[in-house]
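Here are the chains, one letter per residue:
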Amino acid sequence: MARLPYATPEQLAAWTGHPAPPDAERLLARAAEDIDSALLTSVYPVDDDGDPTDPDIAAALSAATCAQVEWQLATGDDGTGASGTWDSVSIGPVSLSGRTGRSAGSSGVELAPRADRALRRAGLSPGRIYAW
């Protein structure tokens, strides 16, 4: 079986207080990839499909995913991470200007502040390293 999504369009609508956008499943999938990247060193119990078994962890992952989509929608991002990087771009001959102050965290992904807080409150971030 495939891993379940961290959040559904219905959960996103409840989180934002607005109807989910038509491409909500795609946005949630991309946001979940961001959450996964931020949690590369996190340790938490999962089942055979990789789904979290602790309801509190599952709730935190859902909240973080919804917060990530909410932030992307608010910043005009489409889930690709391309929006908001430059305030002006020209293609020929290449000209980029006005790089924003936002930067990726140590995980290499830009997390929404609310997503980061949800993961931290659940004890998922920063990750822990255990000696074997």
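Here, the structure is the one placed above.
Residues numbered from 1 in each chain as written. Predicted model: local features only at pLDDT ≥ 70, side-chain atom pairs only at ≥ 80, totals over all residues. Heavy atoms only, no water.

*Asks:* When you look at the overall build of the protein chain in this model, what are you seeing that I'm missing?
*Replies:* A tally of regular secondary structure across the protein chain gives four helices and two strands. Along the protein chain, from the amino end to the carboxyl end, the secondary structure elements read α-α-α-β-β-α. Looking at the protein chain residue by residue over its 132 residues, the buried ones come to 33%. Long-range pairs, those at least 24 residues apart, make up 65% of the contacts in the protein chain between residues at least 6 apart in sequence. (Helix = DSSP H or I, 4+ residues; strand = E, 2+ residues; numbered from the N terminus. Buried < 20%, exposed > 50% of the residue type's maximum accessible area, 1.4 Å probe, protein only. Contact = heavy atoms within 4.5 Å.)

*Asks:* In this structure, what is going on with the nonpolar core? I would like to understand it.
*Replies:* Nonpolar side chains in soluble globular proteins generally cluster together in the buried interior. Of all hydrophobic cores here, the largest spans 20 residues; its most connected members are I35, L61, L119 and L124. Counting residues per element, this core draws most heavily on helix 3 (residues 55–75), which supplies seven residues. Setting aside its immediate chain neighbours within four residues, L61 contacts Y6, I35, L39, Y44, P52, L119 and L124. Counting residues in hydrophobic clusters, the runner-up holds eight residues, among them A7, L12, A24 and L28. (Core = buried A, V, L, I, M, F, W, Y, C linked by side-chain atoms within 4.5 Å.)

*Asks:* Explain the side chain of S42 here, please?
*Replies:* Positionally, S42 belongs in the loop between helix 2 (24–38) and helix 3. A polar side-chain atom of S42 sits 2.2 Å from the main-chain carbonyl oxygen of L124. (Polar contact = N/O pair within 3.5 Å; in protein donor to acceptor, adjacent residues only side chain to side chain.)

*Asks:* Just checking my understanding: could you explain the environment of A112 for this structure?
*Replies:* As for its placement among the helices and strands, A112 is situated in the loop between strand 2 (95–99) and helix 4 (113–121). Along the chain, A112 and D34 lie 78 residues apart, while their C-alpha atoms are 9.8 Å from each other. Setting aside chain neighbours within four positions, we find A112 in contact with A67, Q68 and W71.

*Asks:* How should the environment of A29 be read in this particular structure?
*Replies:* Tracing the chain through its elements places A29 in helix 2. With 23 residues separating them along the chain, A29 and Y6 place their C-alpha atoms 8.3 Å apart.

*Asks:* Just checking my understanding: could you explain the pattern of salt bridges for this structure?
*Replies:* Under the counting rule described, the total for this entry stands at four salt bridges. Between D36 and R3 there is a salt bridge, with the nearest N and O atoms lying 2.8 Å from each other. With a gap of 33 residues between them, D36 in helix 2 and R3 in the segment before helix 1 (9–16) connect regions that are remote in the sequence. With a relative accessible area of 25%, D36 lands in the partly exposed category. With a relative accessible area of 37%, R3 lands in the partly exposed category. One salt bridge in this structure joins E70 and R114, with 3.1 Å as the shortest N-O distance. Separated by 44 residues along the polypeptide, E70 in helix 3 and R114 in helix 4 bring together distant segments of the chain. (Salt bridge = Lys/Arg side-chain N within 4 Å of Asp/Glu carboxyl O.)

*Asks:* What am I meant to see in the packing of helix 2 against helix 3 here?
*Replies:* How two helices pack is summed up by the angle between their axes together with the distance between the axes. Close contact between helix 2 and helix 3 brings their axes to 9 Å; oriented N to C, the two are set at 115°. When the axes of helix 2 and helix 3 are compared, the pair comes out roughly perpendicular. As helix 2 packs across helix 3, the resulting crossing turns out to be right-handed. For the pair helix 2 and helix 3, contact is made by L27, L28, A31, A32, D34 and I35 and by L61, A64, T65, Q68, V69, Q72 and L73, respectively. Along the lines of polarity and charge, the residues of the contact of helix 2 with helix 3 split into nine nonpolar, three polar and one charged. (Axes fitted to C-alpha atoms, helices over the stretch in contact; angles between N-to-C directions. Parallel < 35°, antiparallel > 145°, perpendicular 65-115°, else oblique. Left-handed = near helix turned anticlockwise from the far one by under 90°. Nonpolar A, V, L, I, M, F, W, Y, C, P; charged D, E, K, R; others polar.)

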